[in-house]
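# Working through the structure, step by step
Here is what each chain is made of, one letter per residue.
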Amino acid sequence: MNFDIMRRVMEQYFNLNVIQVMNITDIDDKIIQKAIDEKLDFKEVSSKYEMAFLNDLGSLSVQKPTVLTKVSDFIPQIISFIEALLHRELAYTTNDGSVYFNINAYEKKYKYGKLKPFQISMAESKNSNNCNDFALWKAAKSDAEPSWAPSWGGKGRPGWHIECSAMASYVFGPWVDVHSGGIDLLFPHHENEEAQCCAYHEIPQWVGHWIHSNLLRLSGGTKMSKSLKNTVSIKEFLQTYSADQFRMMCLISSYRNDIELTEASLRLAKDFLDVVRVFVTECRFFLRNNTVLQSSINSKLLLTTLVETESMVKSYLGDDFNTAQATSAVRKLILLTRKEINNSNTVNRKATDHNPGIAAVASVLNFVSKYFSNLGLTSAVGDSVDTTETDASSIIDNFVEFRSQVRQCALDMKSNQQGKDDSVDAVNTRKILLTACDRIRDDLKLKGIQLKDQEKTTTWTLMR
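Keep in mind that what you see is a predicted model, and the values were worked out from it rather than measured. (Residues numbered from 1 in each chain as written. Predicted model: local features only at pLDDT ≥ 70, side-chain atom pairs only at ≥ 80, totals over all residues. Heavy atoms only, no water.)

### Structural notes on the overall build of the chain
Helix and strand counts for the chain stand at 16 helices and 12 strands. Residue burial in the chain is summarised as follows: out of 464 residues, 44% are buried. In the chain, 72% of the contacts between residues at least 6 apart in sequence involve partners at least 24 apart. With an accessible surface of roughly 25000 Å², the chain has 51% of that area assigned to carbon and sulfur atoms. (Helix = DSSP H or I, 4+ residues; strand = E, 2+ residues; numbered from the N terminus. Buried < 20%, exposed > 50% of the residue type's maximum accessible area, 1.4 Å probe, protein only. Contact = heavy atoms within 4.5 Å. Areas by Shrake-Rupley, 256 points an atom, 1.4 Å probe, with all protein chains shown as cover.)

Take a look at the structure:
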């Protein structure tokens, strides 16, 4: 989710042409074992999980990658990559046909430990020259597992680190602007990717910017892990919460910090979504009824704050994708606008008079709606108009208009009787009508619709 937000920021706010490559590991020890257990081809097993993963991304409104690569489709490219490292003596074979990356040889020309500097231990491991050397090619353990025959002999399959390096290099070549992943991948996976590619392309640096997102944890900071049997699937999560709720939780946090998946954090996200929804409803009502309301809006204040907020949002998003501060600035603009709408006084204007408040509210609504939709939130701002919601609003409009007419008739009865002795029938009728109007107003409030009676008009808004 964090990386989808970053991609949207780069595309929508900085006009960058983002080509996102996502690598799918469709062959590893767990997949092989499951295929053996279920007597299936490994591709059948991996394909099932790949589709589930992509469906989960879709349910969270995460954009599809520009290019999707799978390891089993790139075996020739991976073998060629390893052959180049063997030729440069930056890798070596073992007796069983496995291939390891040679850290000692690499360090004579390049730097290892860029992402997480550490003291390289010279202790020897079972199959490699030292314990920091890592497998580029893993020899097959049995004939039951899928394997390929490379030029150096020894049937086997790719190691984990080489997969991403070979596939990304095939698409991008010797330079990648941004490489992202979870903080748990920083070492050794990303460190080894960088080393492999620098060695293969014969360059000192392969990635321009490494971006690592921190982890999603449970209450109390407990790590979410399959081994602990405390994971929450996307499907399970969406049975109780919404995708927008999860996205908002990420927006008001920093990708560099752990996020705790708790009732409190999800409630905070939902409360913010509700603020946005009420804001949109109130703005749309104000604009829909602007010729009737004739309200006094401090348009200069709104437009000045809007310009300041636009500038702050661009600045925050350009500062390490600081969506927390950017979204906080947008929230302040929302609250100010709602205050202006709800506290505005009714003024007498001629039909031809200019009402600058309309343009001010419309401008703020447009900016706020675009901000959230740009970052992947659509339901809160009503990116697409829902027919049912539109029909409901129309019904409420008609009902409120009818009530306003009844109420106004009752008030007019009093003014028409000024200077005269009120008849009993007129007094009683006026009292009955106004009481009925008050009762309807109170009933609607219990159902989440708040009416606001003004001098000659009535407005409504949805309560959250």
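### Some remarks on the sheet that holds strand β3 (residues 91-93)
Spatial strand order, β3-β4-β5-β6: four strands in an open sheet with antiparallel pairing. The open sheet has two edge strands, β3 and β6 (156-158), and neither has a second partner. For this sheet, the mean inter-axis angle between neighbouring strands, taken without regard to orientation, is 20°. Here β3 pairs with strand β4 (residues 99-101) via three bridges, running antiparallel. Bridge pairing in β4 places Y92 opposite Y100. (Pairing = 2+ DSSP bridges. Axes fitted to C-alpha atoms, helices over the stretch in contact; angles between N-to-C directions.)

### Let's talk about the environment of F367
Mapped onto the elements of the fold, F367 is located in helix α14 (residues 356-374). Assessed through its relative accessible area of 11%, F367 is described here as buried. Separated by 61 residues in the primary sequence, F367 and L306 have C-alpha atoms spaced 8.2 Å apart. Look past the residues within four positions of F367 in its chain and what remains in contact with it is L306, T309, E310, V313, V330 and L333.

### Structural notes on the confidence of the model for the chain
Averaged over the chain, the pLDDT score is 87; the fraction of residues at 70 or greater is 87%. Ignoring residues within four places in sequence, the model shows residues 383-388, a span with pLDDT below 50, making three contacts including any to other chains. (pLDDT = per-residue confidence, 0-100.)

### Re the pairing of strand β7 (residues 176-182)
In this sheet, strand β8 (residues 207-213) lies alongside β7 in parallel orientation, the contact comprising six bridges. The partner of G182 across the bridge, within β8, is S213. Each parallel crossover has a hand, and for β7 linked through helix α7 (residues 186-201) to β8 it is right-handed. (Right-handed = clockwise from strand over helix to strand, strands pointing away.)

### Structural notes on helix α9 (residues 243-251)
Among the nine residues of α9, nine are classified as buried, and the element is accordingly described as predominantly covered. For α9, the full list of buried residues reads A243, D244, Q245, F246, R247, M248, M249, C250 and L251.

### With respect to α7
End to end, α7 covers 21 Å across 16 residues, agreeing with the expected 22 Å (1.5 Å per residue, within 8%). Counting buried residues in α7 gives 13 out of 16 residues, a clear majority hidden from the surface. The first or second residue beyond α7 is E202, which carries a positive phi of 60°. (Expected span 1.5 Å × (residues − 1).)

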